[in-house]
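# Understanding the architecture of this molecule
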Protein chains: 2
Amino acid sequence: MTDVPSIDPRTGDVAEIVAAETTTAEVAALCRVADAASRPLEDLGRDGRAALLDALAAALEDAATEVVALADRETALGTTRLTGELARTCYQLRLFGEVLREGGYLEATIDHPADTPMGPRPDLRRMLVPIGPVAVFGASNFPLAFSVPGGDTASALAAGCPVVVKAHGSHPATSQRCYEVLAGAAEQFGAPPGTLGIVHGQQAGADLVAHPLVRAVGFTGSTAGARALLAIIEKRADPIPFYGELSSLNPLVVTRAAAADRAADIGAGFVASFTLGGGQFCTKPGLAFVPTGPDGDALVEAARRAVAALDPVVLLNERIAESYAAGAARLAQAPGVSVVRTGTMRAGGVPVLLTTSARALPPEVVEECFGPIAVLARYRDDAELRTAIERLPSSLTATVHRGPGETELPDALAGWLRPRAGRLVFDGYPTGVAVSWAQHHGGPWPATNTQHTSVGTAAIRRFLRPFTWQNAPQEVLPAELRDAYGAIPRRINGTLHPTA
Amino acid sequence: MTDVPSIDPRTGDVAEIVAAETTTAEVAALCRVADAASRPLEDLGRDGRAALLDALAAALEDAATEVVALADRETALGTTRLTGELARTCYQLRLFGEVLREGGYLEATIDHPADTPMGPRPDLRRMLVPIGPVAVFGASNFPLAFSVPGGDTASALAAGCPVVVKAHGSHPATSQRCYEVLAGAAEQFGAPPGTLGIVHGQQAGADLVAHPLVRAVGFTGSTAGARALLAIIEKRADPIPFYGELSSLNPLVVTRAAAADRAADIGAGFVASFTLGGGQFCTKPGLAFVPTGPDGDALVEAARRAVAALDPVVLLNERIAESYAAGAARLAQAPGVSVVRTGTMRAGGVPVLLTTSARALPPEVVEECFGPIAVLARYRDDAELRTAIERLPSSLTATVHRGPGETELPDALAGWLRPRAGRLVFDGYPTGVAVSWAQHHGGPWPATNTQHTSVGTAAIRRFLRPFTWQNAPQEVLPAELRDAYGAIPRRINGTLHPTA
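Residues numbered from 1 in each chain as written. Chains lettered and ligands numbered in written order. Predicted model: local features only at pLDDT ≥ 70, side-chain atom pairs only at ≥ 80, totals over all residues. Heavy atoms only, no water.

### Describing the packing of helix H3 (residues 64-75) of chain A against helix H4 (residues 79-102) of chain A
All names here are of chain A. Relative orientation of the contacting elements H3 and H4 amounts to 125 degrees, with a least axis distance of 9 Å. Regarding the angle of H3 to H4, the classification is oblique. Every pair of crossing elements has a handedness; the one defined by H3 and H4 is right-handed. The segment H3 lies against H4, with Ala64, Val67, Val68, Ala71, Asp72 and Thr75 engaging Thr79, Leu82, Thr83 and Leu86. Looking at the contact of H3 with H4 residue by residue, the classes come out as six nonpolar, three polar and one charged. (Axes fitted to C-alpha atoms, helices over the stretch in contact; angles between N-to-C directions. Helix = DSSP H or I, 4+ residues; strand = E, 2+ residues; numbered from the N terminus. Parallel < 35°, antiparallel > 145°, perpendicular 65-115°, else oblique. Left-handed = near helix turned anticlockwise from the far one by under 90°. Contact = heavy atoms within 4.5 Å. Nonpolar A, V, L, I, M, F, W, Y, C, P; charged D, E, K, R; others polar.)

### Quick word on the domain arrangement of chain A
One widely used convention gives an interface's size as the accessible area the parts lose upon coming together. Residue and element names in this part refer to chain A. Domain assignment breaks chain A into domain 1 (3-246 + 449-468 + 474-481) and domain 2 (251-426). A C-alpha centroid distance of 33 Å is found between domain 1 and domain 2. Across the boundary between the two partners, domain 1 contributes twelve residues, which contact eleven residues of domain 2. Counting the contacts that link domain 1 with domain 2 gives zero salt bridges. (Domains from an automatic or database assignment. Salt bridge = Lys/Arg side-chain N within 4 Å of Asp/Glu carboxyl O.)

### Focus on the pairing of strand S9 (residues 196-199) of chain B
Residue and element names in this part refer to chain B. Residues Leu196 and Ile198 point to one face of S9 and Gly197 and Val199 to the other, with burial holding for every one of them. Strand direction decides the pairing type here: strand S8 (residues 163-166) and S9, joined by four bridges, are parallel. Its bridge partner lying in S9, lysine 166 is registered against valine 199. (Buried < 20%, exposed > 50% of the residue type's maximum accessible area, 1.4 Å probe, protein only. Pairing = 2+ DSSP bridges.)

### Details of the environment of B:Leu354
Inspection of the secondary structure puts B:Leu354 in strand S15 (residues 352-357). In sequence terms B:Leu354 and B:Ala398 are 44 residues apart; their C-alpha atoms lie 19 Å from each other.

### Details of empty space enclosed by the protein
Within the structure shown, the criterion is met by five cavities of 30 Å³ or more. Size it by volume and the largest cavity reaches roughly 910 Å³. Taken together, 38 residues make up the lining of the largest cavity; nearest its centre are A:Gly104, A:Glu107, B:Gly104, B:Tyr105 and B:Glu107. Each residue belonging to the lining of the largest cavity can be placed in one class, and the counts come to 17 nonpolar, twelve polar and nine charged. Of the volumes computed, that of the second largest cavity is approximately 760 Å³. Around the second largest cavity sit 29 residues that line it, and A:Ile240, A:Pro241, A:Phe242, B:Pro241 and B:Phe242 are the ones nearest its centre. Grouping the amino acids of the lining of the second largest cavity by side-chain chemistry returns 16 nonpolar, eleven polar and two charged. (1 Å grid on protein atoms, 1.4 Å probe; cavity = no way out; pocket = protein on both sides within 12 Å on 5 of 7 lines; lining within 4 Å. Points joined across faces, edges and corners; volume = space filled by probe spheres on them.)

The structure is reproduced here in structure tokens:
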């Protein structure tokens, strides 16, 4: 039995022992309870689960002071940021309640019997149904928004799927406390036992992904971690869907007209964005393309001044601090890369700004380096810019800063960047991912979630699967597919009907 | 250079040499041309691609006589079935045109800037965009509906994705001719070169899946074939989405009341379904649960008589015939299994009917055996039925035959069967998969396509990915996301607005 320690990253000390690592037998027992909860959770209905999500949000808010303090002790992210993160998480739980009440997410579709050029068609009724118990892997950098509470848990519960969370080892006490708050609220609400579970320890995470009753995996973390889980999934008798939120470079392009218009603003804004939260965001812009010439020089100088004004930050944990120091050193030593501003490379969280040329763009520069570091790549003309963009890996986001009224180059940039991103930001910064109906937080590998999002209302789609009833009696159909039901949007014989 | 022969399964003779196997360099060249076609194909717009699909359907219809004769020579499926399959394929191409014109598939979503409990929200606009070039693997059993033309190709082209088809070695001449017909029509229409490509040979298929410019794979075939392709995908620097349509048992349950009502009809109907097309359908019902007692006996006897009246059939190819003979022999020799009616096991396509008890249900019985064979498993009571159902793998379909007005047991059966299927058929048979809006052709592994369908209008979703524009100028947005656009359903600030 191995202890799970809670470590204070500000001191490196063990603050408490949170739990013992969850054993294989315990994981299996949790999966069985989760599986048993599947049908009762679905049977709560959309309104019932919406009310459950509201109850979870209220319970988290009641425990806010304690949870934020604990999270700050384990992550050093600061209480302001963490209070905001908790608000985000509660807003998200309630927004999924709205999604449930509105019901369009079910994609309810009815085809009445008909004669078609391919022959007679039976009565077919399709909607999305819960996929079953979901394993959620908490992230180190969002102890509240992508961990025990957070987008994966909220969207899975909304879908009607019980959740077993693998607590991140970087904040086990926060995870455990959040679990107790949420599980307590769920029990009090009358949700089935097994609606929410938690496991601690790396082996427990592997056991969870391998367990036959787990039907999907939500993961936010490193590409290496994802590859390890994918290898477990591939060995299953029945490989299951894996929704990973992995690495992301998040390139930003400043057009010549934008630099001419507001070099200083963009320089400072870029620094604020890449150092926000210690640069420990999946949407951190790690690379900016800046034109050569005086306006670009002014931008670089503004960025340099902004970085110089920053204090070192405590990174999330020792592993991340070590990895950051090594990554920053590797970047600084890459051919063609110059250091604009940095402290000593040996201290973990010193913000670092580098420059290189878009033409050179060494391979180190197009890989994510997690932490408060970014590279400014100078380009001479649009052709050089395009060539550089076409060498980029896929990211969650790409950003364009354009000049006032400029549209031709931004349109071309959108075409070059779109295959390499999931969200295209104009005249802003990619950090700060609004939870909303139109949000998309995904992208082709290594960003992953090519087909799905892990932020926003569409995140629920990951934990649902389509199901069709053919010539089913009304009594056997889900309420939403019966003839008389009109409380959700439905597509009938190809025509979309809004809520009656 | 290896020849690709077209073999007549009725004689085993080589009818012609169709092509040389496509080399690795040729595959790469095709992928580059397909990639170059991506943007122009998207830029045709929804109406343009709808018109392209109409043109492809018309061209196939013009070539129907020749294509059907060729397909019959290579598959022995008969001209009646193949004429119907061609009609299905043309209907499907045109239906995706309707999908494009209607536009709801884009999931266009607009969030205007707003203040939220988590802070200010920017302008966010999301819709689905083409994923890029798609590799489609033709199936042996549907030379027209799941091969060069067919659901994967139609839905990918509709989505705006160029397609490179790996021709199935069982009908290379049909594949090549269909390719020429479709590519010729596409060229005449003005579609970009590279809209459609074709490769021959197993290595070419592997090269295709490994190629960096291929962004998704559609596959209809065996679990072993899928595992091999998944292994290639896992080795890619960027693993891509894989949509497989693999193995399926398709269990069918006859309630006691249904057997009392119409034993003879169901017995005969079941045989007609499992022997249709030589039992070479992914929706073939391979296992039926039949009650013990006189009504069940009558059903078995009716099925026996129906099988006895059938002639042997020529199976699709020698490998399938050999595999069928071996599988049928293995099933017949499984413990607790009795042969009701068969010819000689050595002849490829002899229909075989077997019985066993639901209590025993040996493992051989719950695996798909491709060909005209099925097992009747006799159950004594509902508890025995439920236990047996819970031992079944996932399938594309499950079927329930119920008594007149019977709802309680059918409702319970729906609950037991739903986790193990993608479509639940009442009082009918799973063969015959209508192409429509509410269709779902998928299911958890080994049926695969857990999250997506390979038949019906929703199949287009596989070849699209979400993309969000943040604070984008109107000029850079796709037409469908601009303020003034009203020609498709859109969700604005959470509310679904039908087409204006």
